[in-house]
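Topology and contacts: notes
Chain residues, written in single-letter form:
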Amino acid sequence: MFKKILIANRGEIAVRIIKACREMGISTVAVYSDVDRRSLHVQLADEAVPIGPAPAIESYLNMDRLIAATRTTGAEAIHPGYGFLAENSDFVLRCEKEGIVFIGPNSKALALVGDKVRARQTMEKADVPIIPGMKSIPKDLSEYEAAAKKLGYPVMIKASAGGGGKGMRIIYEGQELRPGLEAGRREAKSAFGDESVYLEKYIEEPRHVEFQVLADNYGNAVHLFERECSIQRRHQKIVEESPSQALDTKLRTKMGETAKKVVAAAGYNNAGTVEFLLDKSKNFFFLEVNARLQVEHPVTELCTGVDLVHQQIRIAAGEKLSFGQADVAQRGHALECRIYAEDPANNFLPSSGKILFLKEPKGPGVRHDCGIYSGWEVPSYYDPFLAKLIVWAENRESACRRMLAALNDYAILGISTSIGFLKDIVSHPEFRAGRTNTGFIKNHFENWRERDKGGDALKLALAAAAFDSLNSGPSGKRAVGEAKKTAVSPWQTLGHWRLGEG
Amino acid sequence: MDFEFFINNEPRKISLEKKEDGYHISDGEKTMKADIQPISPNLLSLLIDGRSYRIYMAKDKDKKYIFIEGQQFVVQEPGREARGFHGGEEKSQEGKLLITAPMPGKVIKIDVAERQEVRKNQTLAVVEAMKMENEIKSSVEGFVKKIFVSAGELVDSEKPLIELEAKK
């Protein structure tokens, strides 16, 4: 087993990995950019190494600095987390050449599945159902236009190098194609360093169902059942759950076995996720392999009892899988909500700033994975992703109730977050009925506004403010009548930054 | 004592009096009698007719962030709430609208030119913040008065981007 691991990431996932290492008796090295010196992962790791300026391209994406930090600290392995270099096969190749263990798939498999276009070709050959669309990256724009016409609008623009909604656009008609491609390329370039995009037929309102897979270095693979991640905004998952309400035992087994077939066809090892789209008639299509630890991995951990980060480290260290398919079972129901620093009242504009106070939800079956704390300043350089709240309960309805109670017990003061929005999602009758698909947010939350919940809350909030003013000296006091008329910011009248929607 | 605060730029009045039997809270319509216990710098415990409330609070400059029963309020002290994104001059001229950056980001492209006419909802510029591209759209019909930034430029929060003049 490794003695020391470097974690090439930040935020909640770096913290999650540090905790797993600690449990396994492995010491940890954190890396940080200039704006992350005060971040939680730096505080929690055994060692921490600065790797450059705030922009990711100069720090968390800088291979030379990461390799140097690994060498200097004597770490034997690198855990990439998700995002940044997690699915960069050049980086994995570099680690392999330098004799550093990359905790993830081998470079060859990663290059294959990371290239969404090649992956589609391979899976089609392996008899895995794929979504109709391009099977190569065209050089010329006119080829996109021809392909789009042939597939029939709407089509989906996708980045060949990555996921997470970056570079992704739905195109409903021909005139949107060119600007969509331009924006998609730019986003893909800045997120993954590769601007290749391709087109796929857009399957309307499918469910997003993915299977967690573990494969060791000796050809043994198990799947750990599904997660449904249909609740998405801007192609980003925000609520995930397991099991999916759309699968029965037969379909689950079929999809799980297909997921293992995907892994075998790609020569894949370590933890991975095989994503499928499930259409209204319950046909499923291979979407892609997420060759990393997923954000939503805790959902699977809670339902199966398998610690995925432990397994990743064991597999990378050369251990054989200690259990087979017959040894794993799904138990109860797990739900995850992703908490972003964004302002739902302002068109979900990312909000940076200082977290003045954090009150984490706690209780039986409640897990809070985060990289935030009271007093932390959310930098504007990275994803506005703060934390995830995961609950487990005996069944779906109990899990929903537990989630709502936990969200009601969760205060992040000083910045805007998506907590209020998540509460309304989990409370929604269609969600409660399990009628979820990727059009859910668009269909039910298009012009969502945080509602006043009524009751005495407002009055008591004012009373608390008054109590504070009374007790915080003369500067806090101000008599009524002194107030000036509020000026309206042009920002409010003119509309905010609109988030690109295609 | 009477207090006035602003929530979402709307004035709200509340009166809080310390009496022998506790605090009296009144909004002019209803008076509630509360036992208020400060538990920590960020937590108050209230008992009102035996009903228990926990109120979390944090302060930053003139704002108090208050969390009660799953709801969050940003309560602003009066007098300083007018701290806006813009200087007074642009605002004082009628029909002119100044778009400023609400947070640090990078200008990806400017889709309009000075003196160009714009429709409502027309995309004026694309700005990247926190790895996502955001389109800035016009809320009015009018023309572009002035452009303060160019593509590739990094902007700080409150930096003027584009000035529009609405059609009369």
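Remember, predicted model here, so these are calculated numbers, not experimental data.

1. Regarding the overall build of chain A
Summing up its helical and strand segments, chain A has 17 helices and 23 strands in all. In terms of overall size, chain A behaves like a compact globule, its C-alpha atoms giving a radius of gyration of 23 Å where 502 residues would be expected to give roughly 23 Å. When each of the 502 residues of chain A is scored for burial, the buried share is 52%.

2. Here we look at the pairing of strand 2 (residues 27–32) of chain A
All names here are of chain A. Counting buried positions over the six residues of strand 2 gives five, a clear majority of the element. As for the winding sense of the linkage, the β-α-β connection from strand 1 (residues 4–7) through helix 1 (residues 11–23) to strand 2 is right-handed. Pairing geometry for strand 2 and strand 3 (residues 47–50), over four bridges, is parallel. By the bridge assignment, Val31 is partnered in strand 3 with Val49.

3. Section: the domain arrangement of chain A
All names here are of chain A. You can read the domains of chain A as domain 1 (4–103), domain 2 (132–201) and domain 3 (207–444). Its C-alpha centre places domain 1 at a distance of 23 Å from the equivalent point of domain 3. Taken together, the 26 residues of domain 1 in the interface contact 24 residues of domain 3. For the side of domain 1 that touches domain 3, the elements supplying multiple residues, two or more each, are helix 1 and helix 2 (40–44). Of the residues contributing to the side of domain 1 that touches domain 3, the split by class is 16 nonpolar, four polar and six charged.

4. Observations concerning the packing of helix 7 (residues 141–151) of chain A against helix 8 (residues 174–192) of chain A
All names here are of chain A. Between helix 7 and helix 8, the least distance of the axes is 11 Å, while the angle of their chain directions is 125°. Here helix 8 runs oblique to helix 7, going by the angle between their axes. Seen along the crossing, helix 7 lies across helix 8 with a hand that is right-handed. Where helix 7 approaches helix 8, its residues Leu141, Tyr144, Glu145 and Ala148 are matched on the opposing element by Leu177, Arg178 and Leu181. When the residues that make up the contact of helix 7 with helix 8 are grouped by side-chain class, the tally is five nonpolar, no polar and two charged.

5. Some points on the packing of helix 4 (residues 89–98) of chain A against helix 5 (residues 107–114) of chain A
Residue and element names in this part refer to chain A. Between helix 4 and helix 5, the least distance of the axes is 9 Å, while the angle of their chain directions is 175°. As summarised for this structure, helix 4 and helix 5 are arranged roughly antiparallel, according to the angle between their axes. For the pair formed by helix 4 and helix 5, the contact residues are Ser89, Val92, Leu93 and Glu96 on the first element and Ser107, Leu110, Ala111 and Gly114 on the second. Across the contact of helix 4 with helix 5, the residue classes break down as four nonpolar, three polar and one charged.

6. Points about the domain arrangement of chain B
In terms of domain boundaries, chain B breaks down into domain 1 (2–76) and domain 2 (88–166). Relative to domain 2 of chain B, the C-alpha centre of domain 1 of chain B lies at a distance of 39 Å.

7. Section: the sheet that holds strand 4 (residues 77–79) of chain A
Residue and element names in this part refer to chain A. The strand order 3-2-1-4-5 describes an open sheet built from five strands, whose pairing is parallel. A strand with exactly one partner marks an edge of an open sheet, and here the two such strands are strand 3 and strand 5 (101–102). As defined by bridge partners, strand 4 adjoins strand 5 across two bridges and the pair is classed as parallel. Among the inter-strand pairings, Ile78 is bridged to a residue of strand 5, identified as Phe102.

8. A closer look at the nonpolar core
Counting residues in hydrophobic clusters, the biggest one holds 172 residues, and the most contacted among them are A:Ala461, A:Ala463, A:Ala464 and B:Ile66. The element contributing the most residues to this core is helix 16 (residues 457–471) of chain A, with 10 residues. With residues up to four places along the chain from it excluded, the contact list for A:Ala464 reads B:Leu44, B:Ile55, B:Met57 and B:Ile66.

9. Focus: the environment of A:Pro344
Residues and elements named next belong to chain A. Looking at where Pro344 falls in the secondary structure, it is placed in the loop between strand 15 (342–343) and strand 16 (349–350). Remark: the alpha-carbon pair of Pro344 and Ala111, spanning 233 residues in sequence, is separated by 37 Å. If sequence neighbours within four positions are ignored, Pro344 has contacts with Ser418, Gly420, Phe421, Trp448 and Glu450.

10. Observations regarding the sheet that holds strand 14 (residues 333–340) of chain A
Residue and element names in this part refer to chain A. With antiparallel pairing, eight strands are arranged side by side in an open sheet as 13-12-9-10-11-14-21-19. Edge positions in the open sheet fall to strand 13 (284–290) and strand 19 (366–370), since each of these has one partner strand only. Each neighbouring strand pair of the sheet contributes to a mean axis angle of 25°, computed without reference to strand direction. Judged from the five bridges that link them, strand 19 and strand 21 (residues 385–393) form a sheet pairing that is antiparallel. By the bridge assignment for strand 21, Arg367 is matched with Ile390. Against the sheet, helix 11 (residues 308–316) touches strand 9 (207–215) and strand 12 (270–278), its axis set at about 125° to strand 12.

11. Side note on the pairing of strand 13 of chain A
Counting buried positions along strand 13 of chain A yields six of seven residues, so the element is predominantly enclosed. Adjacent in sequence and paired antiparallel, strand 12 of chain A and strand 13 of chain A are bridged by five residues, among which A:Lys282 carries a positive phi angle near 65°.

12. Comments concerning unusual backbone geometry
In this structure, the amide linkage connecting A:Tyr153 to the following residue, A:Pro154, adopts the cis form with an omega of 0°. Cis rather than trans, the peptide bond between A:Ser242 and A:Pro243 has omega equal to -5°. Here A:Pro243 shows up in the loop between strand 11 (236–242) and helix 9 (249–266). Backbone geometry places B:Asn9, a non-glycine residue, at a positive phi of 65°. Look at B:Asn9 and you get partly exposed, because 14 C-beta atoms sit within 10 Å. With phi around 75°, B:Arg115 is a residue other than glycine that occupies positive phi space. If you trace the backbone, B:Arg115 turns up in the loop between strand 10 (105–110) and strand 11 (117–118).

Definitions and limits used
- Residues numbered from 1 in each chain as written.
- Chains lettered and ligands numbered in written order.
- Predicted model: local features only at pLDDT ≥ 70, side-chain atom pairs only at ≥ 80, totals over all residues.
- Helix = DSSP H or I, 4+ residues; strand = E, 2+ residues; numbered from the N terminus.
- Rg over C-alpha atoms; globule rule 2.2 N^0.38 Å.
- Buried ≥ 20, exposed ≤ 12 C-beta atoms within 10 Å, placed from the backbone.
- Right-handed = clockwise from strand over helix to strand, strands pointing away.
- Pairing = 2+ DSSP bridges.
- Domains from an automatic or database assignment.
- Contact = placed C-beta atoms within 7 Å.
- Nonpolar A, V, L, I, M, F, W, Y, C, P; charged D, E, K, R; others polar.
- Axes fitted to C-alpha atoms, helices over the stretch in contact; angles between N-to-C directions.
- Parallel < 35°, antiparallel > 145°, perpendicular 65-115°, else oblique.
- Left-handed = near helix turned anticlockwise from the far one by under 90°.
- Core = buried A, V, L, I, M, F, W, Y, C linked by C-beta atoms within 7 Å.

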